[in-house]
Amino acid sequence: MHAREAEFFKAVLAAPDDDAPRLVLADFLSGLGDPRGEFIALQCRLAAAPDDEARRALRIAENKLLDAHEATWTAPFFDVAKSTPFRKVKVVFHRGFLEEATLPVEALDDLESLFDAAPLLRRLRFDSPGFTGQ
């Protein structure tokens, strides 16, 4: 991570509910030609957009970026838990960062590392195959 990027990311961590630091980071990344900058800015716009035709266009652009880059953007998160059999894993980005994940219960062993890899993670669910809730 570039030193300036790390500085901007610290500002995002310090104010996770504020879009301003996210947009500063997005501008910096976009200036480097990093598609993550476009993604962060796009998701910030989506978070504030009404449910209309413009929002649908933003969703299409979001899906294209995710199709092209999600594997790269989530790799650090999944790399920390190589021993965990990640099946039926679901991750969700909000305002440009991984904030939700559903993982198999075996991932509990890697909990601290998962939060280190995704420090803006707000919701973490565990799925136990075969559990019926009875």
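The structure we're discussing is the one just above.
The structure displayed is predicted, hence computed values, not measured ones. Here the residue numbering is sequential within each chain, running from 1 through the sequence in written order. Residue-level local features of this predicted model are given only where pLDDT is at least 70; pairs of side-chain atoms are given and counted only at 80 or more, and the full residue set underlies all totals for whole chains, interfaces and linings. To obtain the side-chain values, all non-hydrogen atoms of the structure were used and water was disregarded.

## Some words on the pattern of salt bridges
Stage number 1. By salt bridge we mean one thing: a side-chain nitrogen of Lys or Arg within 4 Å of a carboxyl oxygen of Asp or Glu. Tallying each qualifying case throughout the model produces 10 salt bridges.
Stage number 2. The partner of Arg4 in a salt bridge is Glu7, with the nearest N and O atoms 4.0 Å apart. Of this pair, Arg4 and Glu7 both sit in helix α1 (residues 3-14), three residues apart, which is roughly one turn of the helix.
Stage number 3. Taken together, the shared-partner salt bridges in this structure form one network comprising Asp17, Arg22, Glu99 and Arg122. Helix and strand labels come from DSSP, where a helix needs a run of H or I of at least four residues and a strand needs a run of E of at least two; each type is numbered from the N terminus.

## Things to note about unusual backbone geometry
Stage number 1. A positive phi angle, close to 50°, is found at Arg95, a residue other than glycine.
Stage number 2. Checked against the element boundaries, Arg95 lands in the loop between β1 (90-94) and β2 (97-104).

## Topic: α1
The α-helix winds at 3.6 residues per turn, so residues separated by three or four positions along the chain end up facing the same way.
Stage number 1. A helix is expected to reach a length of 1.5 Å times the quantity of its residues less one. Its 12 residues place the ends of α1 17 Å apart at the C-alpha level, agreeing with the 16 Å of an ideal helix rising 1.5 Å per residue.
Stage number 2. Buried, partly exposed and exposed residues are distinguished by accessible area as a fraction of the type maximum, computed with a 1.4 Å probe on protein chains only: under 20%, between the cut-offs, and over 50%, respectively. Within α1, burial applies to Glu5, Phe8, Phe9 and Val12. Projection of α1 onto a plane perpendicular to its axis shows the buried side chains occupying an angular sector of 105°, all on one side. Pointing more than 90 degrees away from the buried face of α1 are the exposed residues Ala3, Lys10 and Ala14.
Stage number 3. The inward-facing, buried residues of α1 contact α2 (19-31) and β2. To obtain the arc, one takes the directions from the helix axis to the C-beta atoms. The contact definition used throughout considers only heavy atoms, calling two residues in contact when any of these lie within 4.5 Å.

## Things to note about the packing of α2 against helix α3 (residues 35-48)
Stage number 1. It is the contact of α2 with α3, at a shortest axis distance of 7 Å, that shows an interaxial angle of 150°. Judged on the interaxial angle alone, α3 and α2 are roughly antiparallel. Two packed elements cross with a definite hand, and for α2 against α3 that hand is left-handed. Mapping the contact onto sequence places Asp19, Arg22, Leu23, Leu25, Ala26, Leu29 and Ser30 in α2 and Arg36, Gly37, Glu38, Ile40, Ala41 and Cys44 in α3.
Stage number 2. Charged residues are taken to be Asp, Glu, Lys and Arg, nonpolar residues to be Ala, Val, Leu, Ile, Met, Phe, Trp, Tyr, Cys and Pro, and polar residues to be all remaining types, Gly included. Here the residues of the contact of α2 with α3 are counted per class, giving seven nonpolar, two polar and four charged. Note on definitions: angles span 0 to 180 degrees between N-to-C directions of axes, and those axes are lines fitted to C-alpha atoms, for helices only across the stretch in contact. Each angle receives one of four descriptions, namely roughly parallel if under 35 degrees, roughly antiparallel if over 145, roughly perpendicular if within 65 to 115, and oblique otherwise. Take the far helix as your reference; a near helix turned counterclockwise from it by less than a right angle gives a left-handed crossing, and one turned clockwise gives a right-handed crossing.

No statement about biological role is implied by the geometric values presented.
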